[in-house]
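Structure at a glance
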Amino acid sequence: MSQRALRTGWLTLMALSLISTVISLWSFPDGWQALAGTAILILAWLKARVILGRYLGLDSAPFWARGFGIALGLFCVLLLGLYLAPLMF
Amino acid sequence: MSEAASELSVLDELPGDLMMWVLIISELLVFGAGLTAFLAVRVTDPVGFAEAQNLLNRTAAGINTIVLVTSGFLAALALPLREAGQNARARLALIAASLLGVLFLVIKGAEFADKAAHGINWESHAFFTFYYLLTGFHAAHVVFGVLILWLVAWRDAPRNIEVGAAFWHMVDLVWVLLFPVIYLLQ
């Protein structure tokens, strides 16, 4: 992985982390809380993808990047479902 | 081309050491199970979990996220620096990455001490059982990761740096999933 790609990955992670923290510190009305939580989980999924792709080098291994991407995506969907469950029942 | 040769090419595509990936996947499964269990138990008491979560210091945890992803960047940078023959800079990057790991532990330690000072322990609520279990287990990985970074800064062959940094990235990866679930989701 080139130094430039690593630097871009790091800046992306910093931006995504700051957005997550700002969303969590924001005082949302009750109805918007679930939307904020969903956004936070999507941001976590994006951060994990950046670490897998840039830091762990999967961007240069498409087969494995696809496999890890699918597994990570399914895991985040599971987390999202469990997070939203109390609001539905 | 035989099937065996085709499988070999797929494995060869995987960056770094195969056994390190086995370890990474194992660790991700353990933490993944822990986070799943945490959210599953939360379903039974969302109000109690939200009240307990409000006792956490989100800002400190947010700072720790910045510390850890920056540390991961420095650890990742060490390999291209070493491969370019810039050995001293590669070592410096690894040492800086490890020091940020130590800073993460200091902030985490202060967080645990603050909870203890307020009489909060792992039996206070189911939330805190998971909180101490997951963040404590992660912190133990950070300690181990710091030691590995020191080791590969000393024995700085490119392969060593690649494997050591991969472990550190796993610690980073776990945190970016653990942080929002434990600290942020309300």
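Residues numbered from 1 in each chain as written. Chains lettered and ligands numbered in written order. Predicted model: local features only at pLDDT ≥ 70, side-chain atom pairs only at ≥ 80, totals over all residues. Heavy atoms only, no water.

Details of the overall build of chain A
- In terms of helices and strands, chain A carries three helices and zero strands.
- Scanning chain A from its N terminus toward the C terminus, one meets helices and strands in the order α-α-α.
- For 89 residues, the compact-globule estimate of 2.2 N^0.38 gives 12 Å, and the C-alpha radius of gyration of chain A, at 15 Å, exceeds that figure by more than 25%.
- Counting the 89 residues in chain A, one finds 49% classified as buried.
- Taking the contacts inside chain A whose residues are at least 6 apart along the sequence as the reference set, 69% of them involve residues at least 24 apart.
- Carbon together with sulfur atoms contributes 72% to the accessible area of chain A, which is approximately 4800 Å² in total. (Helix = DSSP H or I, 4+ residues; strand = E, 2+ residues; numbered from the N terminus. Rg over C-alpha atoms; globule rule 2.2 N^0.38 Å. Buried < 20%, exposed > 50% of the residue type's maximum accessible area, 1.4 Å probe, protein only. Contact = heavy atoms within 4.5 Å. Areas by Shrake-Rupley, 256 points an atom, 1.4 Å probe, with all protein chains shown as cover.)

A word on the packing of aromatic side chains
Residues and elements named next belong to chain B.
- Tallied over the entire structure, the rule returns 20 aromatic pairs over all chains.
- Between Tyr131 and Tyr132, the aromatic rings sit 5.0 Å apart at their centres with planes inclined by 70 degrees, giving edge-to-face as the arrangement. Comparing Tyr131 with Tyr132, the two get one shared label, buried.
- One cation-aromatic arrangement involves Arg155 over Trp154; the distance from NZ or CZ to the ring centre is 4.4 Å. (Phe/Tyr/Trp six-rings, centres within 6.5 Å; stacked < 30°, edge-to-face > 60°. Lys NZ or Arg CZ within 6 Å of the ring centre and 35° of its normal.)

Re the UniProt feature "transmembrane region" (unreviewed entry) in chain B
Residues and elements named next belong to chain B.
- Mapped onto this numbering, the UniProt entry annotates "transmembrane region" (unreviewed entry) at residues 21–41, 61–80, 92–110, 130–153 and 165–185.
- For residues 61–80, the end-to-end C-alpha separation is 30 Å, with 100% helix and 0% strand making up the annotated structure.
- When the span residues 92–110 is considered, its composition is 100% helix and 0% strand, and the gap between its end C-alpha atoms is 27 Å. (UniProt positions renumbered as here; feature names shortened; annotations may be inferred.)

Some words on the UniProt feature "domain: Heme-copper oxidase subunit III family profile" (unreviewed entry) in chain B
- What UniProt calls "domain: Heme-copper oxidase subunit III family profile" (unreviewed entry) maps, in this numbering, to residues 20–186 of chain B.
- Along residues 20–186 of chain B the backbone is 86% helical and 0% strand, and the end-to-end C-alpha distance reaches 35 Å.

Focus: the interface of chain B and chain A
- The partner chain A presents 41 residues to the 41 residues of chain B that form the contact.
- Together, the buried faces of chain B and chain A total about 3600 Å²; carbon and sulfur atoms form 80% of this surface.
- Area buried by chain B at its contact with chain A is led by Glu13, Phe73 and Leu185 of chain B, which between them contribute 15% of it.
- Where chain B meets chain A, there are eight residue pairs in polar contact (both at pLDDT 80 or more).
- Those elements that place two or more of their residues in the side of chain B that touches chain A are α1 (3–13), α2 (18–42), α4 (58–83) and α7 (158–184) of chain B.
- The element contributing the most residues to the side of chain B that touches chain A is α4 of chain B, with 13 residues.
- Along the lines of polarity and charge, the residues of the side of chain B that touches chain A split into 28 nonpolar, nine polar and four charged. (Buried area = accessible area lost by both parts, 1.4 Å probe. Polar contact = N/O pair within 3.5 Å; in protein donor to acceptor, adjacent residues only side chain to side chain. Nonpolar A, V, L, I, M, F, W, Y, C, P; charged D, E, K, R; others polar.)

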